[in-house]
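Structural characterization, general
Read off the chains here:
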Protein chains: 2
Amino acid sequence: MKARIFVTLKDGVLDPQGKAIGHALTGLGFAGVGDVRQGKLIEIDLPGAKDETSVRTQLEEMCRKLLANPVIEDFKVELASQIQSS
Amino acid sequence: MKARIFVTLKDGVLDPQGKAIGHALTGLGFAGVGDVRQGKLIEIDLPGAKDETSVRTQLEEMCRKLLANPVIEDFKVELASQIQSS
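Everything numeric here is computed off the predicted structure, so don't read it as measured data. (Residues numbered from 1 in each chain as written. Chains lettered and ligands numbered in written order. Predicted model: local features only at pLDDT ≥ 70, side-chain atom pairs only at ≥ 80, totals over all residues. Heavy atoms only, no water.)

1. Topic: the interface of chain B and chain A
At the junction of the two partners, chain B supplies 35 residues and chain A supplies 35 residues. Interface area, chain B with chain A, both sides summed: about 3000 Å², of which 64% is carbon and sulfur. Taken together, the connections running from chain B to chain A amount to 2 salt bridges. Between Glu78(A) and Arg4(B) there is a salt bridge; the shortest N-O distance is 4.0 Å. On inspection of chain B and its partner chain A, the count reaches 10 residue pairs in polar contact (both at pLDDT 80 or more). Considering every element that reaches the side of chain B that touches chain A, the biggest residue donor is strand E2 (residues 36-45) of chain B, with 10 residues. Looking at side-chain class alone, the side of chain B that touches chain A contains 17 nonpolar, 8 polar and 10 charged residues. Of the strand pairs in this sheet, strand E2 (residues 36-45) of chain A and E2(B) are connected by 9 bridges, and their pairing is antiparallel. What sits directly across from Glu43(A), in E2(B), is Arg37(B). (Contact = heavy atoms within 4.5 Å. Buried area = accessible area lost by both parts, 1.4 Å probe. Salt bridge = Lys/Arg side-chain N within 4 Å of Asp/Glu carboxyl O. Polar contact = N/O pair within 3.5 Å; in protein donor to acceptor, adjacent residues only side chain to side chain. Helix = DSSP H or I, 4+ residues; strand = E, 2+ residues; numbered from the N terminus. Nonpolar A, V, L, I, M, F, W, Y, C, P; charged D, E, K, R; others polar. Pairing = 2+ DSSP bridges.)

2. So, the layout of surface pockets
Considering only enclosed or pocket space, the largest pocket measures out at about 480 Å³ in volume. Taken together, 21 residues line the largest pocket, and the ones lying closest to its centre are Lys2(A), Arg4(A), Glu43(A), Thr8(B) and Arg37(B). Residue assignment for the lining of the largest pocket shows that the elements contributing at least two residues are strand E1 (2-9), E2 and helix H3 (80-85) of chain A together with strand E1 (2-9), E2 and strand E3 (73-79) of chain B. Examining the composition of the lining of the largest pocket, we find that 4 residues originate from one element, E2(A), more than from any other. Broken down by class, the residue content of the lining of the largest pocket amounts to 8 nonpolar, 4 polar and 9 charged. Lining of the second largest pocket is provided by 14 residues; of these, Asp11(A), Asp35(A), Arg37(A), Lys2(B) and Glu43(B) occupy positions nearest its centre. Those elements that provide at least two residues to the lining of the second largest pocket are E1 of chain A together with E1 and E2 of chain B. By residue class, the composition of the lining of the second largest pocket is 4 nonpolar, 1 polar and 9 charged. (1 Å grid on protein atoms, 1.4 Å probe; cavity = no way out; pocket = protein on both sides within 12 Å on 5 of 7 lines; lining within 4 Å. Points joined across faces, edges and corners; volume = space filled by probe spheres on them.)

See below:
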């Protein structure tokens, strides 16, 4: 089963990378650029996994243990079935 | 208008970060971890923008000019209306 994990900075946490991207875009002449935030997209394949509930639990555990820093980051898990619809 | 941009390495391009994450997850005892790929998630707010077609064109131009390296990266633009449905 394929899944995507989005790791983003919590609201209120300063995002220098996002700010730098925003300034660079404006400098390149793009108009109307507001807030820019950069995060991580992690695509994971769990071959052989079938049960969405246990996969979601496992992925959330991966986020808490390794993929996201709970102090400053939020995470969101999206399973393959949701990816097809988006 | 809010939008999300996903920048991912092209298939076939080696992803050492993804490999490192995969090994770390296995080392933490997570079973069944297959391929792991890490990319960038960029959330952009274009306040005042209304027309989805021109916003999409502008965002794709941003990707070609700055946000994605066309040699090794792919990008995908997702507008707010799609984010709500995912």
